Amino acid sequence: MSSLNILIGGEIFRTLREGNYCYVDKTRFIEELLGPNRAQVSLITRPRRFGKTLTMSMLQEFFDIRKDSRTLFKGLSISRNDVLCAQWQNNYPTVFITLKGLEGPTFPHAVEKFVQTIRRVCSDSEYLFTSDRVRSEDKKTMDTLKKDQASIFCLEDSLLSLCSALEAHWGKPVILLIDEYDVPLNSASQNGYYSEMMGLMRNMLGAALKTNTSLQFAVLTGCLRIAKESIFTGLNNFMCYSVSDADYADVFGFTDAEVDNLLAAAKLTHKKAEFTEWYDGYLFGDGREMYCPWDILAHIARLQKNPQAPPQAYWNNTSSNAIVRTLVSSAGADTRDKIETLISGGAIEERLIEDLTYDRVYENVNNIWTMMYLTGYLTKAAVQPDSDSTALVIPNKEVRIIFTDTVAKWFEDSVKKMNLVPLVKALWDGDTAVVQKILCDIMYDTISYFDNAESFYHGFMTGLLRGAGLVIKTNRESGLGRPDIIIEDGKNKRALIFELKRAATYEELDAKASEGLAQIKEKQYAVGLPPQIKTVLQYGVAFWKKECCVKL
């Protein structure tokens, strides 16, 4: 197998290029960004792990007047555009700031992180303090930040002062790159200081983007398009490009052709179906099919170490998936039905409201669906309705696992709150009618999924029985086979044996339950029980969707 030199989590363009690490050429984005009818301020929103920071780092290397990046871009797409490179490459003062680490439990804590971040940016421009072309007011603001004496007001003016100083020194307007601009707002919403952080961000970005005469253009990235009236008030030179827009649809993420090239280089073409099933499925813009780059590179790297390595939910490990947990835990009957439809591979139709603010996300379920679409948990279906609603689907197997794992945890927590004493009593009494009714009632109040139905029903039953305080043994050899579930009550010298079946139709339930019961007897599952067990109740249980049949 050929080996691609992959730097997992590599987000610094210069590091990748100088270290000869794998880099998928996205430099044509520069030509698109500088094309006709461009916006002075562009906000591009994409889900986590779709290469936003790396792309912004690439822009910084290309534009920054303090650098010579010709070697870094040699052989890449943009290097063939001699006219554009002569006009733009390393010709403008450039500020690159990422806000992805600006999270904190309190507003003062977040502000301190903000100051540290701006201080590092200012430290990269130490030469401005000795420049005789920079205004004393701008020097004072940067010096205050440098000396850890910054007030909120100083922080709000920091980017404006830095841009003013850079233009004064270089005699050219500034290119401003702000990565993950909405991370501080997301953290503030979760920790109860949203209004304070919104005020800081509105004033800082308003000064840097709206009243900044030193600005050539700005690019911002994030996950959510914050409502313009909330943070970008009065910004008429502003354009947002979300996952719904055709512009830049193939810049963030990997196209099918790019994945093909990577797999061919790594001699993994035979694994293409696996990559598609697990990591493909995102539809951006007018239907451009995209893969999550984090997953593709992580799995290629893993396969290069172990060719037999199974796919993993790499994206799942990059977040707490709080939005999915909130949806599942607060779901009413209608939402539960929609979650089941999604997990089973179907589509739901929702009216999306893309101009959200983080403090409104959890106001209603429509906002949550929108948030899940914007952050990559859902994507557009290939076929759309002829209405103002959007058909949404789970993009791939990896994200489906996030949903099913969350549902399983929710069910586990829900079982702890259930009164299962009647179920246990009915099981030991052999009352199949009561057992059947209780199981059906619980399933109707549960989020189910049927893409791997037998596994789901097995988990459903074992979860309930464990929640009821019973000690169970699953798939243990007994007699001539392996019964699905055995429960031994040595104290009372009794046991329960369950064989679970899945029916293809409602009408098949009775026959499948009888088949399960017959299997218990045919395979002599009771033979393997301890000799002190005197009473054995044997149950054949068949399931079809949210219905079941119980035979004794």
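Structural data are supplied above this passage.
Predicted model, so just to flag it, every value in this text is computed and none were measured.

*Asks:* Go over the overall build of the protein with me, naming the residues and quoting the values.
*Replies:* Broken down by element type, the protein carries 22 helices and 15 strands. A buried classification covers 55% of the 552 residues belonging to the protein. Counted over contacts in the protein with a minimum sequence separation of 6, partners at least 24 positions apart contribute 71%. Working note: accessible area of the protein is about 23800 Å², and carbon and sulfur atoms make up 48% of it.

*Asks:* Let's hear about unusual backbone geometry: which residues, and what values?
*Replies:* Look at E180: it is not a glycine, yet its phi comes out positive at around 55°. Residues other than glycine seldom take positive phi values, yet K267 does so here, at roughly 55°. Looking at the secondary structure, you find K267 in the loop between α12 (256-265) and α13 (272-279).

*Asks:* I'd like a rundown of the side chain of N91, residues and numbers included.
*Replies:* Here N91 is to be found in the loop between α5 (82-88) and β2 (94-98). At 3.0 Å, the side chain of N91 forms a polar contact with the backbone oxygen of Q87. When neighbours within four sequence positions are excluded, N91 is seen to be in contact with F63, I65, C85, A86 and K172.

*Asks:* Describe in detail the pattern of salt bridges, supporting the description with residues and values.
*Replies:* For the structure on display, the rule yields 29 salt bridges. In this structure, K26 engages E258 in a salt bridge whose closest nitrogen and oxygen atoms are separated by 2.9 Å. Here K26, found in the loop between α1 (13-18) and α2 (28-33), pairs with E258, found in helix α12; they are 232 residues apart in sequence, far enough to count as distant. Residue class for K26 comes out buried when judged on its relative accessible area of 7%. Residue D429 pairs with K425 through a salt bridge whose shortest N-O separation is 2.7 Å. Of this pair, D429 and K425 both sit in helix α19 (residues 421-429), four residues apart, which is roughly one turn of that helix. Connected through salt bridges with shared partners, the residues K26, R28, D250, E258 and R288 form a single ionic network.

*Asks:* Describe in detail the packing of aromatic side chains, supporting the description with residues and values.
*Replies:* Applying the stated criterion across every chain yields a total of 26 aromatic pairs. Taking the centre distance of 4.5 Å and the plane angle of 10° together, the rings of Y457 and F543 count as stacked. Here Y457, found in helix α21 (residues 453-467), pairs with F543, found in strand β14 (residues 535-544); they are 86 residues apart in sequence, far enough to count as distant. Every member of this aromatic cluster is reached through a ring pair, and the members are F13, Y23, F62, F63, F73, W88, Y92 and F217. Taking NZ or CZ as reference, R46 lies 5.2 Å from the ring centre of F284, over its face. The ring of Y92 has K172 lying over it, and the distance from NZ or CZ to the ring centre is 5.3 Å.

*Asks:* Tell me about the pairing of strand β15 (residues 547-551), and please be specific about residues and values.
*Replies:* Note that β14 and β15 share five bridges and pair antiparallel. Across the sheet, V541 pairs through a bridge with V550, a residue of β15. Hairpin connection, β14 to β15: the antiparallel pair is bridged by two residues, and K545 has positive phi, about 55°.

*Asks:* Break down the pairing of strand β13 (residues 494-502) for me, citing the residues and quoting the values.
*Replies:* Buried residues dominate β13, accounting for seven of its nine residues. By the bridge criterion, five bridges tie strand β12 (residues 485-489) to β13 in an arrangement that is antiparallel. Bridge pairing in β13 links I487 to L496. Hairpin geometry of β12 and β13 is characterised by an intervening segment of four residues between the two adjacent antiparallel strands and by a positive phi of about 55° at K493. Taken together, β13, helix α22 (residues 509-522) and β14 constitute a β-α-β crossover, and its handedness is right-handed.

*Asks:* Go over helix α8 (residues 152-170) with me, naming the residues and quoting the values.
*Replies:* With 19 residues, α8 ought to run about 27 Å at 1.5 Å a step, and its terminal C-alpha atoms sit 28 Å apart, in line with that. A maximum bend of about 45° is found in α8 at S158. Of all the residues in α8, the buried ones are C154, L155, E156, S158, L159, S161, L162, C163, S164, A165, L166 and H169. Against β2, α6 (107-123), α7 (136-146), β3 (174-179) and α10 (194-210) lie the buried residues of α8. Once α8 finishes, G171 follows within two positions and takes phi at roughly 75°, a positive value.

*Asks:* Describe α22, and please don't skip the residues or the numbers.
*Replies:* Compared with the 20 Å implied by 1.5 Å per residue over 14 residues, the 20 Å span of α22 between its first and last C-alpha is a close match. Of the residues making up α22, those classed as buried are L509, K512, A513, G516, L517, Q519 and I520. Projected down its long axis, α22 shows its buried positions confined to an angular sector of 155°, all on one face. In α22, those exposed residues whose orientation departs by more than 90 degrees from the buried face are K521 and E522. Where α22 is buried, its residues meet β13, β14 and β15.

The rules behind the values
- Each residue is numbered by its place in its chain's sequence as written, counting from 1.
- In keeping with the predicted nature of the model, local features appear solely for residues at pLDDT of at least 70, side-chain atom pairs appear and are counted solely at 80 or more, and the whole-chain, interface and lining totals rest on all residues.
- The side-chain numbers reported here are obtained from all heavy atoms of the structure, hydrogens and water having been left aside.
- In DSSP terms, a helix is any run of H or I states spanning at least four residues, a strand is any run of E spanning at least two, and both are numbered starting from the N terminus.
- Type-normalised accessible area, obtained with a 1.4 Å probe on protein chains alone, sets the label of each residue: buried when under 20%, exposed when over 50%, and partly exposed for intermediate values.
- The criterion used for residue contact is that any of the two residues' heavy atoms lie within 4.5 Å.
- Exposure was quantified through the Shrake-Rupley algorithm and a 1.4 Å probe, taking into account, for residues, occlusion by the shown protein chains and nothing else.
- Think of a polar contact as two N or O atoms within 3.5 Å of one another; within protein, one of them needs to be a possible hydrogen donor and the other a possible acceptor, and neighboring residues in sequence only count if both atoms come from side chains.
- A side-chain nitrogen of Lys or Arg and a carboxyl oxygen of Asp or Glu constitute a salt bridge if their distance falls within 4 Å.
- Working definition: rings of Phe, Tyr and Trp (its six-membered ring) pair if their centres are within 6.5 Å, and the pair is stacked with planes under 30 degrees apart, edge-to-face with planes over 60 apart, and tilted otherwise.
- By definition here, charges over rings are those cases where NZ of Lys or CZ of Arg is within 6 Å of the ring centre and within 35 degrees of the ring normal.
- A pair of strands is considered paired only if DSSP assigns at least 2 bridges between the two.
- Whether a crossover is right-handed comes down to one check: with the strands pointing away from the viewer, does the path from the first strand over the helix to the second run clockwise; if it does, it is right-handed.
- Here the expected length of a helix is defined as 1.5 Å per residue gap, with one fewer gap than residues.
- Note on bend: the value at a residue is the angle between axes fitted to the seven residues ending there and to the seven starting there.
- The arc in question is the one traced by the directions running from the helix axis out to the C-beta atoms.

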